[in-house]
Amino acid sequence: MADPGYIVDGVLTDPEAWVALASTTLTSDTVSITFTSPADGSSLDWSQFMDLVAISYWRSAFTTGSAYEVGWCFLNGDTTTTNYTTQLIYGDGSSVTASAASTYDPAIQFGTTKSATATIFSCCVSHWFDINSGKFKSSVHQGAGDQDGTGWVSLAANTWMDQAAITSLQFKMENGSIKDESRIDLFGVLPRMVA
Amino acid sequence: MAVMEAIATTYLEATSAAVEFTGIPQTYEHLQLRVSARDDGAGSDYSEVTLQFGPVGDVIDTGASYYNAEMRGSNTATSAEKPAATNRVRCTFISAPNADSAQFGAGIIDILDYASTIKTKEALWYGGTGFAPTYPWVAMGCGMWNGTGAIDKMSIAGYAHGSLLRGSEFTLYGWNSS
C-alpha cells in the first residue's frame, strides 16, 4: 500500500489528528445518508483511523405522530436492528428518562426534530471508537433537539455486536426520510503509536 | 497549526494495572483522552476508568484530592452520585467481566486548561457501554483534581485501581487555540 499524502519519506507532514473525510448536505428529502470508506490506501481510507466522529445537523421529514423522532445509524450495511443495542438517557425539560436496548436498537439520538417550525433542526455529535479492532463497535452520541416549547437533550451509548472493522455508516430516521437541508460531516481521528 | 494533535496512543497487549502518560507537553490549551476499555472489576457489567494527575516537578497525586459528580442511565433507571473526596477521578463507562468478551466501553474525557498553575483542574467526561447482559450503561460526569499545578503526567487504572484488560486503548490528544 502506498503512503498517504501526509507521509513523505516516512515523516508525518501534517500533525492534525482530525481528518475531514466527507460532508453531505441534502437538497431534497432523502431516506438515508451513507458514508463509505474509499478503501484505497489514501489519506481518507478509514483503515488508518482509530475513531470516527460525525456531526449531524438534521431533521426528520416525517410529520405524523409524536413531536420527536429517533435518529439511527447502521454500520457496514447491517440493517438488522437486533444486532445493535443502545442505552439512552434523555431529558425534556421537566423529567429525565432512561431507556435501553429493545426499544431503540440502532438509536443514536432521541428527540431528533420532526414537527417543529420548519427552520428548527437538531444536532448530534457521534463518536465511534477503535473502528478497526476486533471488538464489538462501541459509540457514544450527544444529541440536542430543542424545539421552542418542546425539545429533548440526549446521551446515547450504542454497540454494534459485530467484530468487523467499520467501513460504512448509514444515517437514517426511525420513521420516514431525512429532511432537505440536513447535513452530516464526517471526520477520522488518528492515533499516535509511539514507543 | 493543527487544532487537535495526537500526543500518544497506548494499546494494551496484555492486562495491565495502569497506563501512564508522562512528559505531557505544556504547549496545548486543553487535553482530550479518548478511551476504549474494559477491566477486571469483579461481578459487574460496567466499570470505571480512573485518573490521577501529577504536576510538573512532582509525583502523581494519590491522595484524597479528587471530587466527582455524575449522572447515568441503565435500562430504565436514572441515577446520580456525588461521592466524598477520593483518590481518583472516576469515569463510569467501561465494560467489566460480566459483559461479553468483545464488549469494550468507550468514552471521552476532556481535561481543561491543564497547564494552568493557578486553577484546579476539571475533567469533563461522557461515555457508556451499550451492550451487557443486564446493565447497558450511559453516563456523564466530572471530576476535579484539587491541585493547581500544571499537569504533565497522568495514571489511568480500572475500578478501585483494578487492572485494565488486553485490548484496552487510550489516546491522549492536545487541543490548540489560535
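Residues numbered from 1 in each chain as written. Chains lettered and ligands numbered in written order. Predicted model: local features only at pLDDT ≥ 70, side-chain atom pairs only at ≥ 80, totals over all residues.

Asker: Which residues make up the overall build of chain B, and what are the values?
Answerer: Broken down by element type, chain B carries 0 helices and 12 strands. Reading the helices (α) and strands (β) of chain B from amino to carboxyl end gives β-β-β-β-β-β-β-β-β-β-β-β. By the compact-globule yardstick of 16 Å for 178 residues, chain B fits well, its C-alpha radius of gyration being 16 Å. Its C-alpha atoms give chain B principal-axis dimensions of about 45 × 35 × 30 Å. Each of the 178 residues in chain B was classed as buried or not, and the buried ones make up 49%. Summarising the internal contacts of chain B: among those between residues at least 6 apart in sequence, 76% fall at separations of at least 24. (Helix = DSSP H or I, 4+ residues; strand = E, 2+ residues; numbered from the N terminus. Rg over C-alpha atoms; globule rule 2.2 N^0.38 Å. Buried ≥ 20, exposed ≤ 12 C-beta atoms within 10 Å, placed from the backbone. Contact = placed C-beta atoms within 7 Å.)

Asker: Summarise the overall build of chain A; cite the residues concerned and give the values.
Answerer: The helix and strand tally for chain A stands at 0 helices and 14 strands. The N-to-C order of helical and strand elements in chain A reads β-β-β-β-β-β-β-β-β-β-β-β-β-β. A compact globule built from 195 residues should have a C-alpha radius of gyration of about 16 Å, and chain A, at 17 Å, falls within 12% of that. Seen through its principal axes, chain A has C-alpha atoms that stretch 55 × 35 × 30 Å. Expressed as a percentage of the 195 residues in chain A, the buried residues total 42%.

Asker: How would you sum up the sheet that holds strand S8 (residues 105-112) of chain B? Please name residues and give values.
Answerer: Residues and elements named next belong to chain B. Read from one edge of the open sheet, 8 strands run S1-S12-S3-S8-S9-S10-S5-S6, paired in antiparallel fashion. Each end of this open sheet is capped by a strand with a single partner; those strands are strand S1 (4-11) and strand S6 (77-81). Each strand axis lies, on average, 10° off the axis of its neighbour in the sheet, ignoring direction. Here strand S5 (residues 66-74) runs beside S6; their pairing, made up of 5 bridges, is antiparallel. Across the sheet, residue Ser-74 finds its bridge partner in S6, namely Ala-77. (Pairing = 2+ DSSP bridges. Axes fitted to C-alpha atoms, helices over the stretch in contact; angles between N-to-C directions.)

Asker: Got a sec to walk through the nonpolar core? Specific residues and values, please.
Answerer: Formed by 86 residues in total, the largest nonpolar core has its most connected members in Leu52(A), Leu88(A), Ala156(A), Val35(B), Ile109(B) and Val138(B). The element best represented in this core is strand S6 (residues 68-75) of chain A, accounting for 6 residues. Ignoring anything within four residues of it in the chain, the contact list for Leu52(A) reads Trp128(A), Ile131(A), Ile166(A), Leu186(A), Gly188(A) and Val189(A). (Core = buried A, V, L, I, M, F, W, Y, C linked by C-beta atoms within 7 Å.)

Asker: Could you give me a rundown of the environment of Gln26(B), with the residues and numbers involved?
Answerer: Residue and element names in this part refer to chain B. Within the secondary structure, Gln-26 sits in the loop between strand S2 (19-22) and strand S3 (30-37). Given 13 C-beta atoms within a 10 Å radius, Gln-26 is considered partly exposed. Spatially, the C-alpha atoms of Gln-26 and Ile-118 are 14 Å apart, while their sequence positions differ by 92 residues. Residues within four places of Gln-26 in sequence aside, it is in contact with Ala-115, Ala-150 and Asp-152.

Asker: Account for unusual backbone geometry, with residues named and values stated.
Answerer: In terms of backbone geometry, most residues other than glycine have negative phi values and most peptide bonds are trans. Residue and element names in this part refer to chain A. For Asp-130, which is not glycine, the phi torsion reads 45° and is therefore positive. Relative to the assigned elements, Asp-130 resides in the loop between strand S10 (122-128) and strand S11 (137-146). For Asp-130, a count of 27 C-beta atoms within 10 Å gives the class buried. Residue Asp-148 is not a glycine yet carries a positive backbone phi of 60°. Within the secondary structure, Asp-148 sits in the loop between S11 and strand S12 (151-160). Overall, the presence of 9 C-beta atoms within 10 Å leaves Asp-148 in the exposed class.

Asker: So what about the interface of chain B and chain A? Which residues, and what values?
Answerer: Every contact between the two is made by 38 residues of chain B and, on the other side, 37 residues of chain A. The element contributing the most residues to the side of chain B that touches chain A is S1(B), with 6 residues. The residue makeup of the side of chain B that touches chain A, split by class, is 18 nonpolar, 16 polar and 4 charged. (Nonpolar A, V, L, I, M, F, W, Y, C, P; charged D, E, K, R; others polar.)

Asker: Could you give an account of the sheet that holds S12(A), naming the residues involved and the relevant values?
Answerer: Residue and element names in this part refer to chain A. Strand order across the open sheet formed by 8 strands is S3-S14-S5-S10-S11-S12-S7-S8, with antiparallel pairing between neighbours. Of all the strands in the sheet, just strand S3 (18-25) and strand S8 (96-100) have a single pairing partner and so form its edges. Geometrically, the sheet is characterised by an average inter-axis angle of 15° between neighbouring strands, direction not taken into account. Sheet topology places strand S7 (residues 84-91) next to S8; 5 bridges connect them, and they run antiparallel. Looking at the pairing, Ile-89 lines up with Ala-98 of S8.

Asker: Quick rundown of the confidence of the model for chain B? Include the residues and the values.
Answerer: Note: predicted coordinates in regions of low pLDDT should not be interpreted at a detailed level. All names here are of chain B. The share of residues in chain B with pLDDT of 70 or more is 97%, and the mean pLDDT across the chain is 93. Mean pLDDT values for the elements of chain B range from 91 in strand S7 (residues 89-95) up to 98 in S3. Both confidence scores are given for the complex: pTM 0.95, ipTM 0.96. (pLDDT = per-residue confidence, 0-100.)

Asker: Describe in detail the environment of Trp175(B), supporting the description with residues and values.
Answerer: All names here are of chain B. Relative to the elements of secondary structure, Trp-175 occurs in strand S12 (residues 169-175). Taking the C-alpha atoms as reference, Trp-175 lies 10 Å from Ile-7; in sequence the two are 168 residues apart. Sequence-distant contacts of Trp-175, defined by excluding residues within four places in its chain, comprise Met-4, Tyr-28, Glu-29, His-30, Leu-31 and Gln-32.

Asker: Any chance you could break down the pairing of S6(A) for me, citing the residues and the numbers?
Answerer: Residue and element names in this part refer to chain A. S6 sits mainly inside the fold: 8 of its 8 residues count as buried. Neither face of S6 is exposed, since Tyr-68, Val-70, Trp-72 and Phe-74 on one face and Glu-69, Gly-71, Cys-73 and Leu-75 on the opposite face are all buried. Of the strand pairs in this sheet, S6 and strand S9 (residues 107-113) are connected by 5 bridges, and their pairing is antiparallel. Its bridge partner lying in S9, Glu-69 is registered against Thr-112. As paired elements, S6 and strand S13 (residues 168-173) share 5 bridges and run antiparallel to each other. Residue pairing across strands places Leu-75 opposite Leu-169, the latter belonging to S13.

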